[in-house]
Amino acid sequence: MPKTLPPAYTVIPPGRPLSGRVSPPGSKSITNRALLLAALAKGTSRLTGALKSKDTVLMAEALRQMGVVVEEPDVQSFLVTSSGSLTSPARPLSLGNAGTATRFLTAAVATINGTVVVDGDEDMRLRPIRPLVEALRSLGIEANAPTGCPPVTILGTGRFGKGRVEIDASLSSQYVSALLMAAPFGEGPIEVALAGHDIGARGYVDLTLAAMRSFGAKVEETLPGTWLVQPTGYTATDFHVEPDASAATYLWGIEALTGGTIDLGVSPDAFTQPDAAAQAVLAQFPHMPAVIDGSQMQDAVPTMAVVAAFNNHPVRFVGIANLRVKETDRIRAVANELNRIRPGLAREDGDDLIVASDPALMQAANRAETSRIETYHDHRIAMSFALAGLRVGNVTILDPACTGKTYPEYWDMLASLGVELVPTS
Ligand SMILES: O=C(O)C1=C[C@@H](OP(=O)(O)O)[C@@H](O)[C@H](O)C1
Ligand SMILES: C=C(OP(=O)(O)O)C(=O)O
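Residues numbered from 1 in each chain as written. Chains lettered and ligands numbered in written order. Predicted model: local features only at pLDDT ≥ 70, side-chain atom pairs only at ≥ 80, totals over all residues. Heavy atoms only, no water.

Here is the rule: UniProt positions are given in the numbering used here, feature names are shortened, and annotations may be inferred rather than shown by experiment.
Looking at an unreviewed UniProt entry, one finds the protein chain named 3-phosphoshikimate 1-carboxyvinyltransferase and attributed to Devosia crocina. The UniProt entry for the protein chain carries the following comment under Subunit (unreviewed entry): "Monomer." Regarding the protein chain, the UniProt comment filed under Sequence similarities (unreviewed entry) reads as follows: "Belongs to the EPSP synthase family."

## Description of the pattern of salt bridges
The condition that has to hold: In the sections that follow, a salt bridge refers to a side-chain nitrogen of Lys or Arg positioned within 4 Å of a carboxyl oxygen of Asp or Glu. Exposed residues in this analysis have more than 50% of their type's maximum accessible area, buried residues have under 20%, and partly exposed residues fall in between, with area computed by a 1.4 Å probe over protein chains only. Put simply, DSSP H or I for four residues or longer makes a helix, DSSP E for two residues or longer makes a strand, and each gets a number counted from the N terminus.
The tally for this structure, following the rule as stated, stands at 22 salt bridges. In this structure, Glu166 and Arg164 form a salt bridge, with 3.1 Å as the shortest nitrogen-oxygen distance. With relative accessibility at 45%, the residue Glu166 sits in the partly exposed group. Arg164 sits in the partly exposed class, given a relative accessible area of 45%. Linking Asp299 and Arg330 is a salt bridge whose minimum nitrogen-to-oxygen distance equals 3.6 Å. Taken as a pair, Asp299 in the loop between strand 17 (291-293) and helix 9 (301-308) and Arg330 in helix 10 (residues 330-341) lie far apart in primary sequence, 31 residues in all. Like Asp299, the residue Arg330 is buried in the burial classification.

## Considering unusual backbone geometry
A cis geometry characterises the amide bond from Pro150 onward to Pro151, with omega recorded as 5 degrees. For the bond from Phe285 to Pro286, the omega torsion is 5 degrees, close enough to zero to count as cis. With respect to the helices and strands, the residue Pro286 is situated in the loop between helix 8 (278-282) and strand 17. Its identity as a non-glycine residue notwithstanding, Tyr376 has a phi of 55 degrees, on the positive side. Within the secondary structure, Tyr376 is located in the loop between strand 21 (371-373) and helix 11 (379-388). A positive phi is found at Asn394, a non-glycine position, where the angle reads about 60 degrees. Relative to the assigned elements, Asn394 resides in the loop between helix 11 and strand 22 (395-398). Take Asn394: its relative accessible area is 29%, and that puts it in the partly exposed class.

## Re the side chain of Arg330
Short version of the rule: Two N or O atoms form a polar contact when they lie within 3.5 Å of each other; inside protein one atom must be a possible hydrogen donor and the other a possible acceptor, and for residues adjacent in sequence the pair counts only when both atoms belong to side chains. In what follows, a contact means two residues having at least one pair of non-hydrogen atoms within 4.5 Å.
Classification of Arg330 by relative accessible area gives buried; the value is 1%. In this structure the side chain of Arg330 is engaged in a polar contact, spanning 3.5 Å, whose partner is the side chain of His379. Not counting residues up to four positions away in its chain, the partners in contact with Arg330 are Asp299, Pro302, Leu323, Arg324, Asp378, His379, Arg380 and Ile381.

## Focus on helix 6 (residues 203-214)
Rule in force here: Take the number of residues in a helix, subtract one, and multiply by 1.5 Å to get its expected span.
Along its 12 residues, helix 6 runs 17 Å from first to last C-alpha, staying within 8% of the 16 Å computed at 1.5 Å per residue. For helix 6, the set of buried residues is Gly203, Tyr204, Val205, Leu207, Thr208, Leu209, Ala211 and Met212. Phi turns positive one or two residues past the end of helix 6, at Gly216, with a value near 90 degrees.

## Considerations on the site of ligand 1
What counts, and what does not: Note on definitions. A residue lies near a molecule or strand when any single heavy atom of the residue is within 4 Å of it. For the accessible areas, the method is Shrake-Rupley and the probe is 1.4 Å, while residue cover comes only from the protein chains on display. Definitions used throughout: a 1 Å grid over protein atoms alone; a cavity as a set of points that fits a 1.4 Å probe which cannot get out; a pocket as an open set with protein on both sides within 12 Å along at least five of seven lines; a lining residue as one with an atom within 4 Å of a point. Here the criterion for a molecule occupying a pocket or cavity is that more than half of its atoms lie within 2 Å of the pocket grid points. Charged means Asp, Glu, Lys or Arg here, nonpolar means Ala, Val, Leu, Ile, Met, Phe, Trp, Tyr, Cys or Pro, and polar covers whatever is left, Gly included. By convention here, the domain bounds are inherited from an automatic or database domain assignment.
Around ligand 1, the surrounding shell consists of Lys28, Ser29, Arg33, Thr100, Phe104, Ser172, Ser173, Gln174, Tyr204, Gln298, Asp299 and Lys326. In the model, an oxygen atom of ligand 1 is placed 2.7 Å from a nitrogen or oxygen of the Arg33 side chain. Asp299 places a polar side-chain atom, nitrogen or oxygen, 2.5 Å from an oxygen atom of ligand 1. For ligand 1, the accessible surface in isolation is 380 Å², of which the surrounding protein chains cover 96%. Taking a 2 Å distance to the grid points as the criterion, the majority of the atoms of ligand 1 fall inside the largest cavity. The element contributing the most residues to the shell around ligand 1 is helix 1 (residues 28-39), with 3 residues. Along the lines of polarity and charge, the residues of the shell around ligand 1 split into 2 nonpolar, 6 polar and 4 charged. Residue assignment places the shell around ligand 1 across two domains, with domain 1 (8-25 + 243-424) and domain 2 (28-240) each supplying three or more.

Structure below.
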């Protein structure tokens with residue numbers, strides 16, 4: 001049972017380096033891929049090292065609604081048993097603000113002979129999905145999303161089409177991953193090709209290809225940005241999920257800001273997820289680069305931006321326009337909340353984020369001012385701004401429970417390192 005958290009936590013700066021051993025939870029991205037692929041494979045797949053959080057629970061629940069047996073033998077495992085295909089759910093799939101679950105299932109349910117509605121919460125209903133819907137239509141699948149965002153209605157015939165499909169992935173790489181993972185159910189080989197050069201973080205497509213191959217798919221990148229998928233379906237397998245690199249960025253941030261050493265049980269170069277690249281940037285603190293291209297490590301940008309506020313010189317984050325369509329507009333949210341810590345600390349410049357940086361904040365543990373940090377239902381805003389509270393006094397994080405999207409144990413983790421969190425109203 002998730003425990004009830006207070007409406008806010010005030011973080012007490014520890015005044016000493018934070019060190020210890022912390023295992024980050026399993027990767028959200030990989031868990032939700034593996035859950036889906038196991039559900040599309042005939043037989044039983046055991047997933048170990050998996051994340052149990054709001055986003056993966058929503059994915060598992062949606063799969064159960066479509067006839068898949070998803071058991072949970074322990075806190076890090078799923079046992080998935082499937083006939084190899086999904087069946088029509090009795091009611092709309094309700095996927096909260098889980099971008100992975102929403103996008104991946106929008107394509108996967110098109111393999112069903114029946115109508116499926118894919119929906120999310122009020123925040124997800126603002127996150128674009130039209131390019132994916134258009135790509136499905138070009139495969140001959142009837143799909144509608146009148147607002148360009150969820151809900152999406154897919155009127156499947158059980159036929160996924162074949163041939164070439166082009167996809168504009170400039171807003172989200174998840175559209176490409178979604179098409180690729182459904183493509184082994186084509187009536188013939190399917191070629192997924194990027195329309196244009198832009199794609200969010202390409203590393204997520206590599207995660208998708210690796211997971212697909214583990215479940216027996218045959219997929220090759222035939223040209224840069226073009227992938228050919230054979231109509232093999234999937235084979236059930238046992239699959240281990242690596243720790244979450246985006247979650248690890250908070251631990252690297254703690255090391256940078258407090259000067260401690262945290263043993264994550266995994267070295268930064270052992271991750272296959274794109275956000276692991278943030279470690280090398282955070283390790284340069286207080287001399288982080290003056291310009292940081294966040295395009296290939298997007299979910300790490302809030303972490304790096306909060307740490308950059310304490311850097312020796314300003315940092316401009318570029319390549320981050322997609323952050324405007326994440327759980328919230330993260331460029332605006334990070335700028336707003338940094339300015340709540342100290343007016344003038346950050347500003348938007350087009351789609352860039354400029355963090356002015358103020359090394360004096362490293363000594364602000366006893367300041368008189370207070371900052372109540374809005375978190376916009378966004379786990380990453382809550383988790384990254386908690387880092388600021390390790391150096392600056394009276395930082396209060398509103399709605400700490402929102403970290404449950406990907407890291408339900410986040411506050412317990414901070415407490416285990418010796419951080420005092422004061423429940424606040
Ligand atoms: O494929 C994935 O698992 C993800 C891709 C990224 O999203 P976009 O592709 O929308 O940038 C990332 O921000 C998200 O947290 C997870
Ligand atoms: C952007 C994120 O999630 P998603 O797109 O999967 O909702 C995230 O976890 O930072």
